[in-house]
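Below are the chains, spelled out letter by letter.
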Amino acid sequence: YQMLRKATALAGGADGPTQKFILVSDSTLPLKPLARIREILLRSEASDMCPSPPNEWALSQIGGTRYYVVKHHRWVILSRRHADIFVANWAKLSQYSSFVTNGQYTLEQGDYKWYAPRMGADGFANASDVVHRNDIQVLGRCPEEEVFTTMIFGLFENKMRSRWRSLFATGKCRTYVNWKCADPPEVFTQVTPLLRQLALNTTEDG
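Everything numeric here is computed off the predicted structure, so don't read it as measured data.

What counts, and at which threshold
Residues numbered from 1 in each chain as written. Predicted model: local features only at pLDDT ≥ 70, side-chain atom pairs only at ≥ 80, totals over all residues. Heavy atoms only, no water. Salt bridge = Lys/Arg side-chain N within 4 Å of Asp/Glu carboxyl O. Helix = DSSP H or I, 4+ residues; strand = E, 2+ residues; numbered from the N terminus. Buried < 20%, exposed > 50% of the residue type's maximum accessible area, 1.4 Å probe, protein only. Disulfide = S-S within 2.5 Å.

Enquirer: It is not clear to me how the pattern of salt bridges should be interpreted in this structure. Could you clarify?
Expert: A pair can form between side chains of opposite charge whenever their charged atoms are brought close. Here the structure, examined in full by the defined rule, presents 11 salt bridges. Arg118 is the salt-bridge partner of Asp129, the closest N and O atoms lying 3.3 Å from each other. One end of the pair, Asp129, is in strand β8 (residues 125-132); the other, Arg118, is in strand β7 (residues 115-119), with 11 residues separating them in the sequence. On the basis of relative accessibility, which here comes to 18%, the residue Arg118 falls in the buried class. We note a salt bridge from Glu146 to Arg133, for which the minimum N-O separation is 2.6 Å. Note that Glu146 is positioned in the loop between β8 and α4 (147-153) and Arg133 in the loop between β8 and α4, a separation of 13 residues in sequence. Counted as one network, the salt bridges with shared partners bring together Glu56, Lys71, Arg74, Glu144 and Glu145.

Shown next, in the form of structure tokens:
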């Protein structure tokens, strides 16, 4: 949150050329020249978030309604509009700043100190209509694997299924990670045939 807040502030106003905010880990390496990556990402205003399969989403039934927290890959690319929505909603709905001592969080894993907004009629998170994240309990979940979809769009409910379907169709998985290995995620120490194939991909989205 803090990095994204500072990045949007340094980028200036939302008016003007297309802006994208890329969140990756310190061990992420580009497979293509940065100029090519920039060219591809600035072709549209869309954000790119890679959702996990529905069987990995946290689920709870509250008051007769089923709420799902849409899990996603932690590496995301946000449009300026979506970055601003995330920053505003996290500042309003997160309580994490109250649990920091000497720069370290004092919470146990799985103790979620934030509220999850429902999706509003406009297809975006309604920060005035929320469910506490602890009421949708899944132990061991990393917040960075669910806060972006939740803070920007809200919780998944079956009545909003068509909206979610269109969101999934718009974004693309821009990062590669292999969780189907003996000790996931796979750590690459050399260029493999698959990485070479991805690097040489020259399709419109590549």
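Enquirer: How do you make sense of the state of the cysteines when you look at a structure like this?
Expert: Two cysteines joined by a covalent bond between their sulfur atoms form a disulfide. Evaluation of the coordinates by the stated rule reveals 1 disulfide. Sulfur-sulfur distance for the disulfide between Cys50 and Cys173 comes to 1.9 Å. Between Cys50 and Cys173 the disulfide shows an S-S torsion of about 75°. By sign, it is right-handed. Taken together, the residues span a long stretch of sequence, with Cys50 in the loop between α2 (34-41) and β2 (58-62) and Cys173 in the loop between α5 (161-170) and α6 (193-199) at a distance of 123 residues. Between Cys142, a free cysteine, and Cys50, which holds the nearest cysteine sulfur, the sulfur-to-sulfur gap is 16 Å. Using a relative accessible area of 23% as the deciding quantity, one classes Cys142 as partly exposed. Sulfur of Cys181: no disulfide; nearest cysteine sulfur belongs to Cys142 and is 16 Å away. The exposure class assigned to Cys181 is partly exposed, which follows from its relative accessible area of 26%.

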